[in-house]
Amino acid sequence: MNFDAFVEKIVDLVRRNMGKAYEIRVTKVTKNNDVELTGIVVAAKADKISPTVYLEGLYEEYLEGTVIETLADKIVDVCKGHMQDVKLDMDFFRDFTQVKDKIFYKLINFDKNRKLLEEVPYFRWHDLAGVFYYAMEEEILGRASITIHCQHMTMWGQDVDSLYRTAKQNMKEGMPELLISMPELFSQMTGIVVHRNEEVPMYVLTNQEKLYGAAALLYSEQLKNLAEQMDCDLLILPSSIHEVLLIPDDHQKGYDFYMKMVDEVNRTQVEPEEVLSYKLYRYSKNKAEVEEIFS
């Protein structure tokens, strides 16, 4: 069964399970880096927020042998659970005073998101763009967020500069940076103790949430501390929109080596919508700033 037939069949199964009280529809959603995903939306007439379940991952499960009825049941369970847990009045979102403390920014690739950037306020940073989002309360919708569009900015009577000042003020306290060695992070994730490689120490810069953590580059104080501790500049490898990797710029390998590494990781290890950049950056110890490296 090809993907289109899979979508048609699973919509039919979900519609039969949920009944006539719900609207079941298929939607195309453009995610980061212009990646388009197919989602199924299950909406009750009275609900202001409806869950979207993306189907590409479920199709992979189907191709690996999971029966389609089981996957349809999974969608139904997700949607029914959402409807029981979320009864959210979004009227508060019209009032800037009620949302301003939860406005943050994240970094995305400028060239890969030109279509999105026509619709949202943003600021440039090297080959990247900083876009703003509202972080939902975790106890309500987990780690959900709302990308701020130009229409929101106009509704609030704000402009890009005021949104930037608001987000900048929130970042350090609301998304505090996290600088951790790669072995420590691996040990936290797996429980396996890994000894640090002192010859080529590698660090990860993100935030405590490990969500859109590459933006910590713009407000990190630990970058400066690490460069001074190592007494050298730091190479910055854009691992994903959620984190960057830091290694000492010891000139033992040429910059082309690291650029090829970034390209390889982006092509083979990072989801397309989470790719940040194919560039290489450097934190200059003397200038105390991040600069782009041009090969």
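**Examining the overall build of the protein**
Secondary structure assignment for the protein yields eleven helices and 13 strands. Expressed as a percentage of its 295 residues, the buried residues of the protein come to 45%. Contacts spanning at least 24 positions in sequence make up 59% of the contacts within the protein whose residues lie at least 6 apart. Taken as a whole, the protein presents about 16,300 Å² of accessible surface, with 47% of it coming from carbon and sulfur.

**Examining the packing of aromatic side chains**
We describe a pair of aromatic rings using the distance from one ring centre to the other and the angle between the two ring planes. In the structure shown here, the tally under the stated rule is 19 aromatic pairs. Relative to Phe93, the ring of Phe92 lies with its centre 6.3 Å away and its plane at 85 degrees, an arrangement referred to as edge-to-face. By the burial criterion, Phe92 is buried, and Phe93 matches it. Following the ring pairs from residue to residue traces out a cluster consisting of Phe92, Phe93, Phe96, Tyr134 and Trp156. Positioned above the aromatic ring of Phe110 is the side chain of Arg124, whose terminal nitrogen or guanidinium carbon lies 3.7 Å from the ring centre. The ring of Phe257 carries the charged tip of Lys253 above its face, separated from the ring centre by 5.3 Å.

**Some remarks on helix α8 (residues 160-174)**
The end-to-end C-alpha separation of α8 is 20 Å, in line with the 21 Å expected for 15 residues at 1.5 Å each. Among the residues of α8, Ser162, Leu163, Thr166, Ala167, Asn170 and Met171 are the ones counted as buried. Contacts from the buried residues of α8 go to α4 (96-99), β4 (103-109), β6 (128-135) and α7 (150-156). You can read the cap of α8 off the contacts: a side-chain oxygen lies 3.2 Å from the backbone nitrogen of Asp161, and it is on Asp159.

**Focus on the pattern of salt bridges**
One pass over the structure, following the stated rule, counts 13 salt bridges. For Lys100, the salt bridge goes to Asp101, with nearest N and O atoms at 3.5 Å. For Asp101, a relative accessible area of 53% gives the class exposed. Between Lys287 and Glu291 there is a salt bridge, with the nearest N and O atoms lying 3.3 Å from each other. Since its relative accessible area comes to 53%, Lys287 is described here as exposed. Put simply, Asp263, Glu264 and Arg267 are held in one network by salt bridges that share partners.

**Section: the side chain of Ser239**
Here Ser239 is to be found in strand β10 (residues 234-240). Among the residues examined, Ser239 registers a relative accessible area of 15% and is labelled buried. Side-chain polar atoms of Ser239 contact the side chain of Glu243, separated by 2.9 Å.

**Comments concerning the sheet that holds strand β2 (residues 36-44)**
Taken in spatial order, the three strands line up as β1-β2-β3 in an open sheet, and their pairing is antiparallel. Looking at the sheet topology across the chains shown, the edges are occupied by β1 (22-30) and β3 (52-54). Recorded for the sheet is a direction-independent mean angle of 30 degrees between the axes of neighbouring strands. In this structure, β2 lies alongside β3, joined through three bridges in antiparallel fashion. Note that in β3 the partner of Gly39 across the bridge is Tyr54. On top of the sheet, helix α1 (residues 3-18) reaches β1 and β2; it is set at about 150 degrees to β1, its chief contact.

**Some thoughts on the environment of Thr52**
With respect to the helices and strands, the residue Thr52 is situated in strand β3. On the accessibility criterion, Thr52 (33% relative accessible area) is partly exposed. Thr52 has contacts with Thr27, Gly39, Ile40 and Val41, leaving out every residue within four places of it along the chain.

**Regarding the nonpolar core**
Of all hydrophobic cores here, the largest spans 45 residues; its most connected members are Ile103 and Leu246. Top element by residues in this core is β6. It accounts for five residues.

**Regarding α1**
The end-to-end C-alpha distance of α1 is 22 Å, a good match for the 22 Å that 16 residues give at a rise of 1.5 Å each. Where α1 begins, one side-chain oxygen reaches toward the backbone nitrogen of Asp4, 3.3 Å away; that side chain belongs to Asn2. Just downstream of α1 lies Gly19, where phi reads positive at about 90 degrees.

Cut-offs and rules
Residues numbered from 1 in each chain as written. Predicted model: local features only at pLDDT ≥ 70, side-chain atom pairs only at ≥ 80, totals over all residues. Heavy atoms only, no water. Helix = DSSP H or I, 4+ residues; strand = E, 2+ residues; numbered from the N terminus. Buried < 20%, exposed > 50% of the residue type's maximum accessible area, 1.4 Å probe, protein only. Contact = heavy atoms within 4.5 Å. Areas by Shrake-Rupley, 256 points an atom, 1.4 Å probe, with all protein chains shown as cover. Phe/Tyr/Trp six-rings, centres within 6.5 Å; stacked < 30°, edge-to-face > 60°. Lys NZ or Arg CZ within 6 Å of the ring centre and 35° of its normal. Expected span 1.5 Å × (residues − 1). Polar contact = N/O pair within 3.5 Å; in protein donor to acceptor, adjacent residues only side chain to side chain. Salt bridge = Lys/Arg side-chain N within 4 Å of Asp/Glu carboxyl O. Pairing = 2+ DSSP bridges. Axes fitted to C-alpha atoms, helices over the stretch in contact; angles between N-to-C directions. Core = buried A, V, L, I, M, F, W, Y, C linked by side-chain atoms within 4.5 Å.

These results come straight from atomic positions and should not be treated as a statement about function.
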